[in-house]
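Residue strings, one per chain:
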Amino acid sequence: MTSAQHILKHTFGYDRFRPPQDDIINAVVNGQDALVLMPTGGGKSLCYQIPALVRPGCGVVISPLIALMQDQVSALRQLGVKAAFLNSTLEPGQVAQIEQDLLQGQLDLLYIAPERLTQARSIELLQRAPISLFAIDEAHCVSQWGHDFRADYLQLSLLHQQFPSIPRIALTATADERTRKEIIHRLDLDSADQFIAGFDRPNIRYRISLKQNAKQQLLGFLKEEHPTDAGIVYCLSRKKTEDIAFWLQEQGFNALPYHAGLDARIRADYQSRFLREDSVIMVATVAFGMGIDKPDVRFVAHLDMPKTVEAYYQETGRAGRDGSPSNAWMVYGLQDVIKLRQMVESSDGSEEHKRAERHRLNAMLGLCEITSCRRQSLLKYFGDILEQPCGNCDSCLEPVDTWDGTEAVRKALSAVYRTEQRFGVNHLIDVLRGGEGEKIYQFDHHRLATYGLGKDLDANQWRSVFRQLVARGYLRVDMDRFGALRLEEQCRPLLRGEETIQLRRDVPKKAGKQTTKTSLPADINVALWEALRERRRELAEDQGVPPYVIFHDRTLQEMCVALPQNLAQFGRLTGVGERKLDKYGADFIQVIENHLAEQPASTA
Ligand code: ADP
Ligand code: ZN
């Protein structure tokens, strides 16, 4: 038997475990059941892959996402691991071969879909084969309350009954207590060891800024920070995904639209291009993402605000699974606040349901408006405490000013009150600024006491005030009168002058002034980086696998810095195990040598 540490280094090319990987692996190697909660990108796969290699027999991995099995198996084969999958895409001859390999103990890992595993025929096959463990991936699919519920998962309790002596490890990135309890209950995991890692994603940089000209802001962000990276741009509507994708194409980006209204074949094609090509930007509705296991998504951009913090965290969490620096970038503004408030109010459903929705939206709006560390606030929402500000979000990197908005807010609220709570933001601003709009005279609003009282702020500053008042629940959007703002009970102390209020000072970002680049570390030579990526792309194409299966970005970046010129040096890079060293070492060393030869002597 080879030790876990040895396999980590020699097969996977990693120096050390990320806690609590080592404890989990120990438990499973020793035959113990385990429940693992770890964030996306935390390194869940190793927790069952290594025990499967250490223990005799084949590890059976139950995974709901057939589309992913192929890539997972390709990645393992690149490492020299004997892996296979059984699903509906295989020919009968291929199935027979895999079954035979399994029975003869020729497989280390077998991926299988839940609906297939639970068939009597499969159970009977597994009973005749040497099995080292069962890994139940995406275990939250067993939860009937969750969005990813899969009825087949309920059947998985049969594993415990049919194979009582084989350890089971259930894994998920879904945090909440109720889901965890349900997994334990439904999968008979009462005696499993529980491993709960923190939910922080330290390599993701969170930024939320004021929406001004969203398209230009997005363009600036992409040009400055991700000119050739893969990423996802989320939009609310199908039409918008198409508009933005075509517009980005015109700007020279490799962008594709994705939404549930596209033909299934086109969707599958775009998805596979996203996975296989190096720098595709997917402009998508939330229909895109579930089960996308691409580790080198360098950014997730939101042009529209998600409705809940859960959704925001899940969507942004698709960035940077490989652990390299990545961006979660969002622009949002008054219209987003109004639109989402309206969506909640006009949704059908009980008053109780609406109250819950309102509560969740408030938390999301709070995250947008917060002036302290975003990560602390995000993690707190999920019950994790981060003691210190993170240093890797916009609030930490470019602290936000606040100002005493008490006077302005009183004027704003009084304008709402005196116009009888019947008007939207634009007209209210017109009243405050003493404007000459048609409605002013139509409704005699030039005679109001508040008319022209707010000339000290410009229209954008007033929009900022109103946005914050709606976001923080002082004003409500009236559903019966489209967009009209109404006072909420909590305004009273402000109007009576019994309370003061601090507001966020929105500073328009100047184009070109970006202090927070994450695209490539400064010590990396772009020409070499591109040459290494090109070589990786060719190698991937030859074998019909995604480029990250050859090497992750991080390994290429380490090459740029370490400039290995022999195999011994090359073997020390993160992610280079014995198999990949043999297979690719010489190729990439050649690229590095060519690059060095072209450099002037002084910089080489
Ligand atoms: P998850 O399934 O939890 O989302 P993965 O298992 O895909 O995460 O791992 C995320 C990334 O981290 C992968 O690129 C993986 O190779 C890498 N990784 C996992 N464990 C380690 C480790 N101990 N050292 C270095 N990299 C690791
Ligand atoms: Zn922070």
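Residues numbered from 1 in each chain as written. Chains lettered and ligands numbered in written order. Predicted model: local features only at pLDDT ≥ 70, side-chain atom pairs only at ≥ 80, totals over all residues. Heavy atoms only, no water.

Caption draft 1: Representation of the coordination of the zinc ion (ligand 2) within the structure. For the zinc ion (ligand 2), the full set of protein donor atoms is Cys373 (SG), Cys390 (SG), Cys393 (SG) and Cys396 (SG), and the range of their distances to it is 2.3 to 2.4 Å. Coordination geometry of the zinc ion (ligand 2): the four donor atoms subtend angles of 101 to 118° at the metal centre, consistent with an arrangement described as tetrahedral. On the primary sequence, the residues serving as donors to the zinc ion (ligand 2) are separated as C-x16-C-x2-C-x2-C. With Cys373 in the loop between α16 (351-369) and α17 (374-381) and Cys390 in the loop between α17 and α18 (394-397), this residue pair connects regions lying 17 residues apart in the sequence. For Cys373, a relative accessible area of 5% puts it in the buried group. (Donors = N, O, S within 2.8 Å, 3.2 Å for Na, K, Ca; no water. Tetrahedral: all angles 85-135°; square planar, octahedral: opposite > 155°, others 65-115°. Helix = DSSP H or I, 4+ residues; strand = E, 2+ residues; numbered from the N terminus. Buried < 20%, exposed > 50% of the residue type's maximum accessible area, 1.4 Å probe, protein only.)

Caption draft 2: Spotlight on the site of ligand 1. Lining the immediate surroundings of ligand 1 are 16 residues, of which Tyr14, Gly41, Ser45, Arg321 and His552 lie closest. Gln21 has a polar side-chain atom sitting 2.9 Å from a nitrogen atom of ligand 1. A distance of 3.1 Å separates an oxygen atom of ligand 1 from a polar atom in the side chain of His552. When isolated, ligand 1 has an accessible area of 560 Å², and the protein chains bury 88% of it. No other element matches the three residues that helix α3 (residues 44-54) contributes to the shell around ligand 1. Split by residue class, the shell around ligand 1 holds four nonpolar, seven polar and five charged. (Near = heavy atom within 4 Å. Polar contact = N/O pair within 3.5 Å; in protein donor to acceptor, adjacent residues only side chain to side chain. Areas by Shrake-Rupley, 256 points an atom, 1.4 Å probe, with all protein chains shown as cover. Nonpolar A, V, L, I, M, F, W, Y, C, P; charged D, E, K, R; others polar.)

Caption draft 3: The arrangement of the packing of helix α24 (residues 526-543) against helix α28 (residues 578-598) in detail. Contact geometry of α24 with α28 gives a least axis separation of 10 Å together with a crossing angle of 150°. Overall, the two elements α24 and α28 adopt an arrangement that is roughly antiparallel. For the element pair α24 and α28, the recorded crossing hand is right-handed. On the side of α24, the interface is formed by Ala527, Leu528, Ala531, Leu532, Arg535, Arg536, Leu539 and Gln543, while α28 contributes Lys583, Tyr584, Asp587, Phe588, Val591, Ile592 and His595. (Axes fitted to C-alpha atoms, helices over the stretch in contact; angles between N-to-C directions. Parallel < 35°, antiparallel > 145°, perpendicular 65-115°, else oblique. Left-handed = near helix turned anticlockwise from the far one by under 90°. Contact = heavy atoms within 4.5 Å.)

Caption draft 4: Up close: the pairing of strand β11 (residues 281-284). What you see with β11 is no split at all: Ile281 and Val283 on one side and Met282 and Ala284 on the other are buried throughout. Note that strand β9 (residues 231-234) and β11 share four bridges and pair parallel. Directly across from Val233, in β11, lies its bridge partner Val283. Pairing analysis gives four bridges linking strand β10 (residues 255-258) to β11, with the strands arranged parallel. (Pairing = 2+ DSSP bridges.)

Caption draft 5: The arrangement of the UniProt feature "domain: Helicase C-terminal" (unreviewed entry) in the chain in detail. The feature "domain: Helicase C-terminal" (unreviewed entry), as annotated in UniProt, sits at residues 214-362 in this numbering. Regarding residues 214-362, the helix share stands at 48% and the strand share at 15%, and the terminal C-alpha atoms are separated by 23 Å. (UniProt positions renumbered as here; feature names shortened; annotations may be inferred.)

Caption draft 6: Geometry of the packing of helix α14 (residues 309-316) against α16. For the pair α14 and α16, interaxial distance at closest approach is 8 Å and the crossing angle is 55°. In terms of their interaxial angle, α14 and α16 are classed as oblique. Facing Val309, Glu310 and Tyr312 of α14, the residues of α16 in contact are Arg360, Ala363, Met364 and Leu367. Looking at the contact of α14 with α16 residue by residue, the class counts come to five nonpolar, no polar and two charged.

Caption draft 7: Representation of the pattern of salt bridges. Tallied over the entire structure, the rule returns 40 salt bridges. Glu420 serves as the salt-bridge partner of Arg422, at 3.4 Å between the closest nitrogen and oxygen. Among the ionic contacts, a cluster of salt bridges with common partners joins Asp278, Arg298, Asp322, Arg536 and Asp553. (Salt bridge = Lys/Arg side-chain N within 4 Å of Asp/Glu carboxyl O.)

Caption draft 8: Local environment of the pairing of β9. Here β9 shows no split at all, with Gly231 and Val233 on one side and Ile232 and Tyr234 on the other all buried. In this structure, β9 lies alongside strand β12 (residues 299-302), joined through four bridges in parallel fashion. By the bridge assignment for β12, Val233 is matched with Ala301.

Caption draft 9: Quick peek at helix α5 (residues 92-103). Under the 1.5 Å per step criterion, the end-to-end length of α5 is 17 Å for twelve residues, consistent within 8% with the ideal 16 Å. Packed against the buried residues of α5 are β2 (58-62), β3 (83-86), β4 (109-112), α6 (114-117) and α7 (120-128). One or two steps after α5, the chain reaches Gly105, where phi turns positive at roughly 70°. (Expected span 1.5 Å × (residues − 1).)

Caption draft 10: Representation of the sheet that holds β11. Spatially, the six strands line up as an open sheet ordered β8-β13-β12-β9-β11-β10, and their pairing is parallel. At either end of the open sheet lies a strand with only one pairing partner, and these are β8 (204-210) and β10. Going from strand to strand, the sheet's axes swing by 15° on average, the running direction of each strand aside.

Caption draft 11: Up close: the sheet that holds strand β5 (residues 131-136). In spatial order, the strands read β3-β4-β2-β5-β6-β1-β7; together these seven strands make up an open sheet with parallel pairing. Of all strands in the sheet, those with a lone pairing partner are β3 and β7 (193-196), marking the two edges. Looking at each pair of strands side by side, their axes are set apart by 20° on average, direction ignored. Strand direction decides the pairing type here: β5 and strand β6 (residues 168-172), joined by three bridges, are parallel. Residue Ile136 lies in a different strand from β6, and its bridge partner there is Ala170. Lying over the sheet, α3 contacts β1 (34-37), β2, β4, β5 and β6, oriented at roughly 165° with respect to β6. The sheet strands contacting helix α10 (residues 177-186) are β1, β6 and β7, and the helix crosses β1 at an angle near 155°.

Caption draft 12: Looking closely at the nonpolar core. In terms of nonpolar packing, the biggest core is built from 165 residues, with Ile50, Ile169, Phe466 and Phe588 touching the most fellow members. The biggest single contributor to this core is α28, with seven residues. Residues Val233, Cys235, Phe253 and Phe299 belong to the second largest nonpolar core, which totals 20 residues. (Core = buried A, V, L, I, M, F, W, Y, C linked by side-chain atoms within 4.5 Å.)

Caption draft 13: How the structure looks around unusual backbone geometry. Residue Pro20 follows Pro19 across a cis peptide bond; omega there is 0°. With respect to the helices and strands, Pro20 occurs in the loop between α1 (4-12) and α2 (21-29). Of note, Glu138 is a non-glycine position whose phi angle comes to about 50°, a positive value. With a relative accessible area of 23%, Glu138 lands in the partly exposed category. One non-glycine residue, Glu420, lies in the positive phi region at around 65°. Structurally, the position occupied by Glu420 is in the loop between α19 (406-418) and α20 (425-432).

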